[in-house]
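The primary structure of each chain is shown beneath.
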Amino acid sequence: GENVEQHPSTLSVQEGDSAVIKCTYSDSASNYFPWYKQELGKGPQLIIDIRSNVGEKKDQRIAVTLNKTAKHFSLHITETQPEDSAVYFCAASDLNAGNMLTFGGGTRLMVKP
Amino acid sequence: SAVISQKPSRDICQRGTSLTIQCQVDSQVTMMFWYRQQPGQSLTLIATANQGSEATYESGFVIDKFPISRPNLTFSTLTVSNMSPEDSSIYLCSVVVGHGYTFGSGTRLTVV
């Protein structure tokens, strides 16, 4: 089955700096790669996703890149703000087959004001 | 995208008892996934529930402990049976709809 590794497990940045979180996956059949933000006491919220036919996607301060050959994808947050502090999860699935998501271990991001 | 109503949002239960968690989806979906998130951990799939068939459980999860019902294409329940403090977690349901996945808001379970 799919295995997703996520690094780093914790990340501390100054407000205004950029943050990068990286994930690798094992199953070449995976074609859908979402990123979730989870705040304390809440469920995961989708912040951005990318499919295997796209190499990069951007939404305001958030971007995701995908390297299918190397089987890795990354989340980039620019101009970080204190409200970006949360736990971020990457995930992978074969969405075309309707399969379940496999999650990375999570990254606790702390943005210091 | 689909909207999932998950109940209860939280509960505190005595060890040895059982809790049933419900997820209602506002559209018909083929598969529903049940996840567990232990404190400080990532989400781990418990089982996949298809309507009209037995749920498929992941390694480490068994039907006697986590029985699942899927009576129709919009509803499913997960029961956490004979609870112990180690079952204290957030439990979430999820479905595939259109271009991605939707999650319920989660059930925060504390076993005392």
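See the structure above.
Residues numbered from 1 in each chain as written. Chains lettered and ligands numbered in written order. Predicted model: local features only at pLDDT ≥ 70, side-chain atom pairs only at ≥ 80, totals over all residues. Heavy atoms only, no water.

Mind laying out the pairing of strand β8 (residues 72-77) of chain A, listing which residues take part and the relevant values?
All names here are of chain A. In the sheet, strand β3 (residues 19-25) pairs with β8 via 6 bridges, with the strands oriented antiparallel. Residue pairing across strands places K22 opposite S74, the latter belonging to β8. Hairpin connection of strand β7 (residues 62-67) to β8: 4 residues between the antiparallel strands, including K71 at a positive phi of 55°. (Pairing = 2+ DSSP bridges. Helix = DSSP H or I, 4+ residues; strand = E, 2+ residues; numbered from the N terminus.)

With reference to specific residues and values, describe the interface of chain A and chain B.
Counting residues at the interface gives 19 residues for chain A and 17 residues for chain B. Taking both sides of the interface into account, the surface hidden between chain A and chain B amounts to around 1,400 Å²; carbon and sulfur atoms contribute 59%. The tally of links from chain A across to chain B stands at 6 residue pairs in polar contact (both at pLDDT 80 or more). Going through the elements one at a time, β4 (32-38) and β5 (45-51) of chain A are the ones with two or more residues in the side of chain A that touches chain B. (Contact = heavy atoms within 4.5 Å. Buried area = accessible area lost by both parts, 1.4 Å probe. Polar contact = N/O pair within 3.5 Å; in protein donor to acceptor, adjacent residues only side chain to side chain.)

Tell me about the sheet that holds strand β1 (residues 4-7) of chain B, residues and numbers included.
Residues and elements named next belong to chain B. The sheet built from 4 strands is open, its strands ordered β1-β3-β8-β7 with antiparallel pairing. The open sheet has two edge strands with one neighbour each: β1 and β7 (68-72). Across the sheet, the mean angle from the axis of one strand to that of its neighbour is 15°, orientation sign disregarded. Direction of pairing for β7 relative to strand β8 (residues 75-80): antiparallel, over a ladder of 3 bridges. Pairing of N72 across the sheet is with F75, part of β8. (Axes fitted to C-alpha atoms, helices over the stretch in contact; angles between N-to-C directions.)

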